[in-house]
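Now for the letters of each chain:
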Amino acid sequence: MEDKSGVKKPKIECVNISKFFGEGQEKIHVLDTIDLAVKENEFIVVLGPGQSGKSTLLKIIAGLYKPSTGKAYLDGKELTHPGPDRGIVFQRYTLFPWKTVMGNVEMGPKLRGVPRKERRGLASRYIDLVGLKGFEKAYPHQLSGGMKQRVGIARAYVNNPKVMLLDEPFGQLDAQTRYFMEEETVRIWETEKRTVIFVTNNIEEAVYLGDRIAVLEGKMPGKLKKIYDVNLPRPRDYTDPAFLELRHTITEETELTL
Amino acid sequence: MSREALVNNGPITEKPKNLGELLTAIFKNVYVLYAISIICFLLLWDTMAVMKVLGRFLPRPVEVLYQLYDMLVNPLAGKTLMLHLWFSLRRVLIAFVIAVAIGVPIGLLMGFSPYFNAFFKPVFDLFKPMPPIAWISLAILWFGIGETSKIFIIIIGAVVPCIINSYNGIRLVDPELYDCIRMLGGNQRQEVVEVTFPAAFPAIFAGIQISLSMAWTTVLAAELVGAREGMGFIIITGMNQSKPAMIISGMVVIALTAWAISLVVTHLERWVCPWKTNLE
C-alpha cells in the first residue's frame, strides 16, 4: 500500500483498528486504535491478559470479525473476509469430530478441489511434520489435547498459508505438554518458515516463542502498550539468565500476573 | 459411572479372605444384583398373585408364560401372536417412514431459514404439546377405523421429535466450526455439506430414534380403538374376555420388541456415526 522506496513492506499491517461489540447501552469497547506491523517470516506474539481483546485482534486479521474502525492488510491488500491465505489454529482445537486425522488435515485441499490422491499425499507430509504419523485413521476424540492441537496445526499448514494465526493454542494443555508443544512449534516453524501471529496470556510462552512480543494492556478496551524485541538465540532455554531477565522485565512493566 | 464402580468393586479385584468377605464380594457384583432384582420381582409378583392381593385378576408368572406359548401356537382372531406383532410393526414402520420424510425436512428448513422458522414455529408450538392419543376420535371421524386413521395417529406422534431434533441439530452447530471451514477456504455450499450436515447428524439421528419409540407407543393407543389385529388388539381382547394373562403377555411382547428395536438402532448409530463412540 505504501510506496516502494526500498523498505520492505510489512506482511501484515494493522492500521488504527478499534472494535466495539453490541449497540447502545450495551456497547462494549474491546480494542482501541491498534497499530501493528508484522514482517515476513516473523514470529510475533500478542501477549495480554484475559479481556484485553487479543483474540479479537486475531479474528479481525483472520477476517472473521470486521473492525469498527481501521483496516488490516495482508501484502498491502485489505483483509475483509476469511480465506485460506491465513491458517488459523483455535484454542478449543475445533477439529471436525466426524473426520479422522487425515480427513481433518486434507480438508483445505479438498475444498479447493485437489484430487484425492494428491491431497492425501500433501496431508501426509504435514501429518508427518507435526509428528502424527500412524494416527491418520484416528478420530479426534481418541486423541490427547496435545495431539489434537497438532492436527489443528497440520490442518492450517497444509493450505500453505502466508500467515499462521494461533489463538492461545496451548491454553488447554497441561504444563508438561505445553512446554513440549512450544518446542514443537519452533521446530515446525523453522522447517516451514511462515509469518506467525501467536496469541497468548503466558509471558514465559511469549518469551520462548516470539521474535517480538506485542503487549496489550489489560482490561477493555485493549490498547497496544509496548513491543519488546527478543534477541535471544534459538533454541531458547527457560532457565537462561537473559531469558529470565526479559521475562522479569515484561512482568514488571506490564503487571501481568499470570 | 456408578455401574463401573460396582463392577470394579467386584470379587475379581481382590481375593476374599474369609466367608464374610466372599459373601460381600458376591453381593457387590452387578450381575448377581441384576439376577436378584429379577428374582425378587418375580417372587413378589407370584406371592401377590397367589395371595390374590389384587383380586383374581392378577395371574401368576407361569400362567403368563403359558398364555404366551398358547398364542404363539393357537391363532387368536385368526392370527397367531407373531402375525399380530407383524401387523403392529408394519403400521409403525409405514408411519415412521412417512413421519421422518415429513419431519426431518421441516426441521432442517426451520434450522436453515429464520423466516421459515418464524412462519412455521407458532403453529408447530400449538400442536406440539397435544398428545397423539387426543387425535384418535378425530382420526376415526375423518378416516374411519381402517389402517389410515391408525397410521395418521402414529405419524402425529412420531413427527414431532423429528422436527424438534433436526431444528436444534442445525441451530446448535458450534459456530467455530463455520469459522474454521471458512478459514480453510470453504464456500457457502461447502459449509453446508462439510459442516452443517455432519455436525447436525447425531442430533437428527437421535430425533429419528425417539420418533421410532414414539411410534411404537402410539400404535398401541391407536389399536386400542377398533382394531382387528395387532398388539393393542390382544390387550383389548384380554380385557374383554377377562383374561389378564393375555394382557400381560401382550405387554411383555411389546416391551421386548421395544427393547429389540432400541438395540438395533444403537448398533446402527455406532455404524453410521463412528466418531460418537466413547463420547460419554
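Just so it is clear, the model here is predicted, and its values are computed rather than measured.

1. Some words on the overall build of chain A
Right, on to step 1. Across its full length, chain A holds 8 helices and 10 strands.
Right, on to step 2. What you see for chain A is a C-alpha radius of gyration of 18 Å, in line with the 18 Å of a compact globule of 258 residues.
Right, on to step 3. By principal-axis analysis of the C-alpha atoms, chain A measures approximately 50 × 45 × 40 Å.
Right, on to step 4. Looking at the 258 residues of chain A, the share that counts as buried comes to 48%.
Right, on to step 5. In chain A, the proportion of contacts linking residues at least 24 apart, taken out of those at least 6 apart, comes to 70%.

2. Concerning the sheet that holds strand S2 (residues 28–38) of chain A
Residues and elements named next belong to chain A.
Right, on to step 1. The antiparallel open sheet is built from 4 strands, whose spatial order is S2-S1-S4-S5. Only two strands of the sheet have a single partner each, and these edge strands are S2 and strand S5 (77–78).
Right, on to step 2. For strand S1 (residues 12–21) and strand S4 (residues 69–74), the ladder comprises 5 bridges, and the chain directions are antiparallel. Looking across to S4, one finds that Glu13 is bridged to Tyr73.
Right, on to step 3. Lying over the sheet, helix H1 (residues 54–62) contacts S1, S2 and S4, oriented at roughly 120° with respect to S1.

3. Focus on the interface of chain B and chain A
Right, on to step 1. The interface of chain B with chain A comprises 16 residues on the first partner and 20 residues on the second.
Right, on to step 2. If you list the elements that add at least two residues to the side of chain B that touches chain A, you get helix H9 (175–183) and helix H10 (188–224) of chain B.
Right, on to step 3. Each residue belonging to the side of chain B that touches chain A can be placed in one class, and the counts come to 9 nonpolar, 4 polar and 3 charged.

4. Considerations on the sheet that holds strand S9 (residues 212–216) of chain A
Strand pairing within a sheet occurs via backbone hydrogen bonds; the two strands may be parallel or antiparallel.
All names here are of chain A.
Right, on to step 1. Spatial ordering of the open sheet is given by S6-S7-S8-S3-S9-S10, a layout of 6 strands whose pairing is mixed. At either end of the open sheet lies a strand with only one pairing partner, and these are strand S6 (86–89) and strand S10 (224–229). Mean inter-strand twist for the sheet, computed between neighbouring axes without regard to direction, equals 15°.
Right, on to step 2. Summarising the sheet, strand S7 (residues 163–167) and strand S8 (residues 195–200) pair through 5 bridges and their orientation is parallel.

5. Describing the nonpolar core
Right, on to step 1. Formed by 76 residues in total, the largest nonpolar core has its most connected members in Val46(A), Leu47(A), Ile61(A), Val105(A), Ala154(A), Leu165(A) and Ile197(A).
Right, on to step 2. For this core, the element with the highest residue contribution is helix H5 (residues 145–157) of chain A, accounting for 6 residues.
Right, on to step 3. Here Ala154(A) is in contact with Val105(A), Tyr126(A), Ile127(A), Leu129(A), Val130(A) and Leu132(A), once residues within four sequence places are set aside.
Right, on to step 4. Tyr167(B), Ala200(B), Ala203(B) and Ile208(B) belong to the second-largest nonpolar core, a separate cluster that totals 51 residues.

6. Re helix H6 (residues 175–191) of chain A
All names here are of chain A.
Right, on to step 1. Counted at 1.5 Å a residue, the expected span for H6 with its 17 residues is 24 Å, and the 24 Å between its end C-alpha atoms agrees.
Right, on to step 2. Among all positions of H6, only Arg178, Met181, Glu182, Thr185, Ile188 and Trp189 are buried. Viewed end-on, H6 has its buried residues packed into an arc of 130°, placing them on one side of the element. The exposed set on the far side of H6, more than 90 degrees from its buried face, consists of Gln176, Glu190 and Thr191.

7. Quick look at the confidence of the model for chain B
Residues and elements named next belong to chain B.
Right, on to step 1. Averaged over every residue, the pLDDT of chain B is 89; the share at 70 or more is 93%.
Right, on to step 2. No element of chain B has a lower mean pLDDT than helix H1 (residues 2–8), at 48, and none a higher one than H9, at 96.
Right, on to step 3. Predicted confidence is poor over residues 1–7, with pLDDT under 50, and the contacts of this stretch with residues over four places away or in other chains come to 4 contacts.
Right, on to step 4. In the predicted assembly, ipTM is 0.91 and pTM is 0.83.

8. Concerning the domain arrangement of chain B
Much of the literature gives interface size as the accessible area that the parts lose upon coming together.
Right, on to step 1. On domain assignment, one finds that chain B holds domain 1 (2–58) and domain 2 (71–276).
Right, on to step 2. Placing a centre on the C-alpha atoms of domain 1 of chain B and another on those of domain 2 of chain B gives a separation of 35 Å.

9. Brief notes about the packing of helix H5 (residues 81–112) of chain B against helix H6 (residues 114–127) of chain B
Describing two packed helices takes the angle between their axes plus the distance from one axis to the other.
All names here are of chain B.
Right, on to step 1. Packing of H5 against H6 leaves a shortest axis separation of 6 Å and a crossing angle of 125°. Considered as vectors, H5 and H6 are oriented oblique to each other. Handedness of the crossing formed by H5 with H6: left-handed. Residues Ile106, Leu109 and Met110 of H5 touch H6, and the partners they reach there are Phe116, Asn117, Phe120 and Lys121.
Right, on to step 2. Among the residues forming the contact of H5 with H6, the class breakdown is 5 nonpolar, 1 polar and 1 charged.

10. Quick look at the packing of H9(B) against H10(B)
Residues and elements named next belong to chain B.
Right, on to step 1. One can describe the packing of H9 onto H10 by two numbers: an axis separation of 10 Å at closest approach and a directional angle of 150°. Classified by the angle their axes make, H9 and H10 are roughly antiparallel. Of the two elements, H9 crosses H10, and the hand of that crossing is right-handed. For the pair formed by H9 and H10, the contact residues are Leu177, Tyr178 and Ile181 on the first element and Gln190, Glu191, Glu194, Val195 and Ala199 on the second.
Right, on to step 2. Here the residues of the contact of H9 with H10 sort into 5 nonpolar, 1 polar and 2 charged.

Calculation criteria
Residues numbered from 1 in each chain as written. Chains lettered and ligands numbered in written order. Predicted model: local features only at pLDDT ≥ 70, side-chain atom pairs only at ≥ 80, totals over all residues. Helix = DSSP H or I, 4+ residues; strand = E, 2+ residues; numbered from the N terminus. Rg over C-alpha atoms; globule rule 2.2 N^0.38 Å. Buried ≥ 20, exposed ≤ 12 C-beta atoms within 10 Å, placed from the backbone. Contact = placed C-beta atoms within 7 Å. Pairing = 2+ DSSP bridges. Axes fitted to C-alpha atoms, helices over the stretch in contact; angles between N-to-C directions. Nonpolar A, V, L, I, M, F, W, Y, C, P; charged D, E, K, R; others polar. Core = buried A, V, L, I, M, F, W, Y, C linked by C-beta atoms within 7 Å. Expected span 1.5 Å × (residues − 1). Arc of directions from axis to C-beta. pLDDT = per-residue confidence, 0-100. Domains from an automatic or database assignment. Parallel < 35°, antiparallel > 145°, perpendicular 65-115°, else oblique. Left-handed = near helix turned anticlockwise from the far one by under 90°.

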